Number of protein chains: 2
Amino acid sequence: MEVSLEKNAPHRVVIVGGGFGGLYTAKALKKANVNVTLIDKRNFHLFQPLLYQVATGTLSPADISAPLRSVFSKSKNTKVLLGEVNDIDPKAQQVILGDEVVPYDTLIVATGVNHSYFGKDNWKEFAPGLKTVEDAIEMRRQIFSAFEAAEKETDPEKRRALLTFVIVGGGPTGVELSGAIAELAYQTLTEDFRSINTSEARILLLQGGDRILPHISPELSKVAAESLQKLGVAVYTNTRVTNIEGNIVTFKQGDELTEITSKTILWAAGVQGSPMGKALAKSTGVECDRSGRVIVEPDLSIKGYNNIFVVGDLGNFSHQNGKPLPGVAPVAKQQGEYVAKLIKRRLKGETLPEFRYNDVGTLAMIGQNLAVVDLGLVKLKGFIAWLFWLVIHIYFLIEFDTKVVVAIQWGWNYITRNRRSRLITGRDGFVEGKTVNKRVQQPSGTPL
Amino acid sequence: MEVSLEKNAPHRVVIVGGGFGGLYTAKALKKANVNVTLIDKRNFHLFQPLLYQVATGTLSPADISAPLRSVFSKSKNTKVLLGEVNDIDPKAQQVILGDEVVPYDTLIVATGVNHSYFGKDNWKEFAPGLKTVEDAIEMRRQIFSAFEAAEKETDPEKRRALLTFVIVGGGPTGVELSGAIAELAYQTLTEDFRSINTSEARILLLQGGDRILPHISPELSKVAAESLQKLGVAVYTNTRVTNIEGNIVTFKQGDELTEITSKTILWAAGVQGSPMGKALAKSTGVECDRSGRVIVEPDLSIKGYNNIFVVGDLGNFSHQNGKPLPGVAPVAKQQGEYVAKLIKRRLKGETLPEFRYNDVGTLAMIGQNLAVVDLGLVKLKGFIAWLFWLVIHIYFLIEFDTKVVVAIQWGWNYITRNRRSRLITGRDGFVEGKTVNKRVQQPSGTPL
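Source: prediction; values computed, not measured. (Residues numbered from 1 in each chain as written. Chains lettered and ligands numbered in written order. Predicted model: local features only at pLDDT ≥ 70, side-chain atom pairs only at ≥ 80, totals over all residues. Heavy atoms only, no water.)

A. Just the overall build of chain A, in detail. In terms of helices and strands, chain A carries 11 helices and 25 strands. Going through the 448 residues of chain A one by one, you find that 59% of them count as buried. Within chain A, counting contacts between residues at least 6 apart in sequence, those at least 24 apart form 62% of the total. In the form shown here, chain A has an accessible surface area of approximately 17200 Å², with 53% of it arising from carbon and sulfur atoms. (Helix = DSSP H or I, 4+ residues; strand = E, 2+ residues; numbered from the N terminus. Buried < 20%, exposed > 50% of the residue type's maximum accessible area, 1.4 Å probe, protein only. Contact = heavy atoms within 4.5 Å. Areas by Shrake-Rupley, 256 points an atom, 1.4 Å probe, with all protein chains shown as cover.)

B. How the structure looks around unusual backbone geometry. All names here are of chain B. A positive phi is found at Leu 213, a non-glycine position, where the angle reads about 45°. Classification of Leu 213 by relative accessible area gives buried; the value is 0%. Residue Leu 300 is not a glycine yet carries a positive backbone phi of 70°. With respect to the helices, strands and loops of the structure, Leu 300 is situated in the loop between strand S19 (294-295) and strand S20 (301-302). Leu 300 gets classed as buried once you look at its relative accessible area, which sits at 0%.

C. Highlighting the packing of helix H4 (residues 133-152) of chain A against helix H6 (residues 172-188) of chain A. Residue and element names in this part refer to chain A. With their axes 12 Å apart at the nearest point, H4 and H6 run at an angle of 30° to one another. When the axes of H4 and H6 are compared, the crossing they make is right-handed. Between H4 and H6, the residues in contact are Met 139, Ile 143, Phe 144 and Phe 147 and Leu 177, Ile 181, Leu 184 and Ala 185, respectively. By residue class, the composition of the contact of H4 with H6 is 8 nonpolar, no polar and no charged. (Axes fitted to C-alpha atoms, helices over the stretch in contact; angles between N-to-C directions. Left-handed = near helix turned anticlockwise from the far one by under 90°. Nonpolar A, V, L, I, M, F, W, Y, C, P; charged D, E, K, R; others polar.)

D. A look at the confidence of the model for chain A. Residues and elements named next belong to chain A. This prediction gives chain A a mean pLDDT of 87; 87% of its residues lie at or above 70. Across residues 1-6, where pLDDT falls below 50, the model places 11 contacts with residues more than four positions away in sequence or in other chains. Here residues 427-448 is a poorly scored stretch, pLDDT under 50, and it has 91 contacts once near neighbours within four places are set aside; other chains count. Across the whole predicted complex the pTM is 0.87, and at the interface the ipTM reaches 0.83. (pLDDT = per-residue confidence, 0-100.)

E. Structural view of the UniProt feature "domain: FAD/NAD(P)-binding" (unreviewed entry) in chain A. Feature annotation in UniProt places "domain: FAD/NAD(P)-binding" (unreviewed entry) on residues 12-336 of chain A, given in this structure's numbering. Secondary structure across residues 12-336 of chain A comprises 29% helix and 30% strand; the distance between its end C-alpha atoms is 16 Å. (UniProt positions renumbered as here; feature names shortened; annotations may be inferred.)

F. Up close: the sheet that holds strand S16 (residues 256-261) of chain A. Residue and element names in this part refer to chain A. Spatial ordering of the open sheet is given by S14-S15-S16, a layout of 3 strands whose pairing is antiparallel. Because the sheet does not close on itself, it has two edges, and the strands there are strand S14 (239-245) and S16. With strand direction ignored, the average angle separating the axes of adjacent strands in the sheet is 20°. The pairing of S14 with strand S15 (residues 248-253) spans 6 bridges and is antiparallel. Considered in S15, the bridge of Ile 244 is made with Val 249. (Pairing = 2+ DSSP bridges.)

G. Structural detail: the pattern of salt bridges. Counted under the stated rule, the structure contains 27 salt bridges over all chains. A salt bridge links Glu191(B) to Lys76(A), with the shortest nitrogen-to-oxygen separation between them at 3.5 Å. A residue pair is termed interchain when its members come from two chains, as with Glu191(B) in the loop between helix H6 (172-188) and strand S12 (202-206) and Lys76(A) in the loop between helix H3 (68-71) and strand S5 (78-82). Two residues, Glu226(B) and Lys222(B), come together in a salt bridge whose shortest N-O distance is 3.0 Å. Here Glu226(B) and its partner Lys222(B) are both found in helix H7 (residues 218-231), 4 residues apart, which amounts to about one turn of the helix. Glu226(B) gets classed as partly exposed once you look at its relative accessible area, which sits at 36%. (Salt bridge = Lys/Arg side-chain N within 4 Å of Asp/Glu carboxyl O.)

H. The arrangement of the side chain of Asp192(B) in detail. Turning to its location among the elements, Asp192(B) is positioned in the loop between H6 and S12. Apart from the residues within four sequence positions on either side, Asp192(B) is in contact with Arg69(A), Ser70(A), Ser73(A) and Arg422(B).

I. A look at the pairing of strand S11 (residues 164-168) of chain B. Residue and element names in this part refer to chain B. The element S11 is extensively covered by neighbouring structure, given that 5 of its 5 residues are classed as buried. What you see with S11 is no split at all: Thr 164, Val 166 and Val 168 on one side and Phe 165 and Ile 167 on the other are buried throughout. In this sheet, S12 lies alongside S11 in parallel orientation, the contact comprising 5 bridges. Paired with Val 166 across the bridge in S12 is Leu 204. Crossover S11 to S12 through H6 is right-handed. Pairing between S11 and strand S17 (residues 264-267): 4 bridges, direction parallel. (Right-handed = clockwise from strand over helix to strand, strands pointing away.)

J. Looking closely at the pairing of strand S1 (residues 11-16) of chain B. Residue and element names in this part refer to chain B. Across the 6 residues of S1, 5 count as buried, placing the element largely inside the fold. Judged from the 6 bridges that link them, S1 and strand S2 (residues 34-40) form a sheet pairing that is parallel. Bridge pairing links Val 14 to Thr 37 in S2. Traced from S1 through helix H1 (residues 20-28) to S2, the parallel crossover comes out right-handed. Examined bridge by bridge, S1 and strand S9 (residues 106-109) share 4 bridges and lie parallel to one another. From the neighbouring strand, Ile 15 faces S9, where its bridge partner is Ile 108.

K. Quick peek at the packing of aromatic side chains. Residue and element names in this part refer to chain A. Scanning all chains against the criterion turns up 22 aromatic pairs over all chains. Seen from their ring centres, Phe 20 and Tyr 24 are 6.4 Å apart, and the 10° between their planes marks the pair as stacked. Here Phe 20 and its partner Tyr 24 are both found in helix H1 (residues 20-28), 4 residues apart, which amounts to about one turn of the helix. With a relative accessible area of 10%, Phe 20 lands in the buried category. Seen from their ring centres, Tyr 236 and Phe 251 are 5.3 Å apart, and the 70° between their planes marks the pair as edge-to-face. In this pair, Tyr 236 sits in strand S13 (residues 233-236) while Phe 251 sits in strand S15, placing the two residues 15 residues apart along the sequence. For Tyr 236, a relative accessible area of 24% puts it in the partly exposed group. (Phe/Tyr/Trp six-rings, centres within 6.5 Å; stacked < 30°, edge-to-face > 60°.)

L. The sheet that holds strand S24 (residues 370-375) of chain B, seen in detail. Residue and element names in this part refer to chain B. Taken together, the 3 strands give an open sheet; going across it, the order is S23-S24-S25, and neighbouring strands pair in antiparallel fashion. At either end of the open sheet lies a strand with only one pairing partner, and these are strand S23 (362-367) and strand S25 (378-381). Pairwise comparison of adjacent strand axes, ignoring direction, gives a mean angle of 5° for this sheet. Judged from the 5 bridges that link them, S23 and S24 form a sheet pairing that is antiparallel. By the bridge assignment for S24, Ala 364 is matched with Val 372. Strand contacts of H7: S23, S24 and S25, with the helix running at about 175° to S24, the strand carrying the most contacts.

Structural data, given as structure tokens:
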């Protein structure tokens, strides 16, 4: 259908998802003569690239979150709605939100991706992933509880299992997690325990491909692997996990099968499109790729519906170089801003050339003083890369009022090499499998 | 029994509880020739006086917590043990920790107090209290979810109930909670919603006695009440809550019964000694008062056992002015330091005069720019009192490395009048009673 410009009522834009894609779409529409409704099931935007720092006790959830309402409190054309969208009706131009419907003229779907266990969903309970604040707090609980339990454990076998950390997946999250855990075990916690020597901890990073951080240049991924090894992380490439059950990870290098007993197995491997992808396919007939991401047109709309757009991780945009754009914040940001611009142009009866991603480069944090930055021509490593990483992330956080505090906190943690946010909370404050603080009557637990 | 000084092995001090009492006892023993074992069921010390700021979205749990291990990492004579002590064996001089026992020469019990619903434990599920991080996160969830649900509610009756907040108890916690919620509703959130006017929120503070903050001077408690009313809090004194069920609070003023429907009822009234009090009474025959606090001797030991001490809120010390000392941090701190000194004296074969509390005065925060400080001769109110309150609390936090960040955060929130930590988390991120983010498989929720 064509967007009807005859209406006097302002054009209704509905955005589903408050991640980077949805957030920047709404931001870019602040001054446009449209009514924006931003729908998310959480009341805050989460700065996901820093979630691993919550999982490893450096930052608090609130440090990397911004309440959606406060982000948009000044943009009076924007309404924030809390709720979960299960389906849409493209004919009636409505999104279905529980038992109510929200009508739209233009719809932007930006619900992102979830973990994928490659069909082995039974692995999930043994190897939690890292997408939500709850995930991060649960990981934090497991990591620090493992050290606590080891301090009490007298059986050397069990103690070894408690001090063994296996991270599955050598992308940015896996690299950042294993680096941070190595710093914990070999630097932060060394003085803190009396019965165990935390330096005896083993940290294994398992990567299916032939190198970690496959999305950056080979030489930098080599640098990253070397830096991780210097930190004490055992990096396994060409390694396929064949099974995860209880405390046992089984993985294969070539024909060699290895079994590792580890109390803390963390999942940083696959992702799959969020359920909205399927819902879209069902209601609009649009195609999804193997990992459930929606195939989008050159202008980020979907086939047959030029008023429905998919931005961010949920979309598969392959028009630029044949293969899908990576699921990173800059892509989501640029796509959101593009769609906002396209809507404004259309309302003026104008058009916009198709979307082009301006690759700003990729970077990954390995540890304090250690990072890799690939800007194409310019490649940075070590301290300068770390500093660059810091600046970039703080710059990103500038959108939110969290930046100052987070900057201070980083600086502070950097000087003190301390991790303040080491709280073992929720799940009745797990202690050695025993349930404690029974007094909390409410279903205890809740992040941060 | 007498402490045997003949042993060559260092004197074994066991401290149960990592609150103010236990923490300061252990700190004061850092350089003593004793082996200290500090047992707590959480891995962090919690700065409880600021817990209400977590519950109202100003601070994160980690901002007011210090990992016990990092507090004592440098004191090599101190061992931190995670676990819950259920009982002690005074004859064998052992504390029972699950299935293991920890022997002591001197025992300090500092397990504090819990909520008391005056025997009406069924009220608990409708009116959560504020003692643990989990409590605070649950309160935060309820408070901000109420505004969110109100934004979606079309029925004026229900909307009114959602925007009604009842705080039971006019002590410091109740005053600070109601003041903070008033600032939320009438200042912080006014711009954030589109369908509701948060200024229509009703905040009721119910106090049984004839004035709030009964522990400070009448004129200051009058100032506090007036400041709260200026902020928009309806202060009810001489008001007894007769029933709490579902969303309905029933209270009595004189003979007049009133029923209020409120979705958010918060409990800040009574406290009772933690279970260790009963355990002590059972095993040592020591007496407890009506609220389950242990009657202590002038030197804070318990009758018949001069090597068992009770410090902090759990103890009832009435030797100074006939009535028990208040359950505040300064009392716990001074008592902990006193017992540490007494132990050191005893090891030298010396004695120490009985404990005396040096009252440093009392203070309560009402809101930004509003506090009351009662130093006996000097009484402060308004901005100067608020500043004083801030300085005192930051000074207290100096013990932990959190002070800088918290100071910055306060400053920042003060300037921006913003509340960053407004995350609705855990309990599957409650949205309007509907369960969302189903993808979180682990028992979702966990602070921090």
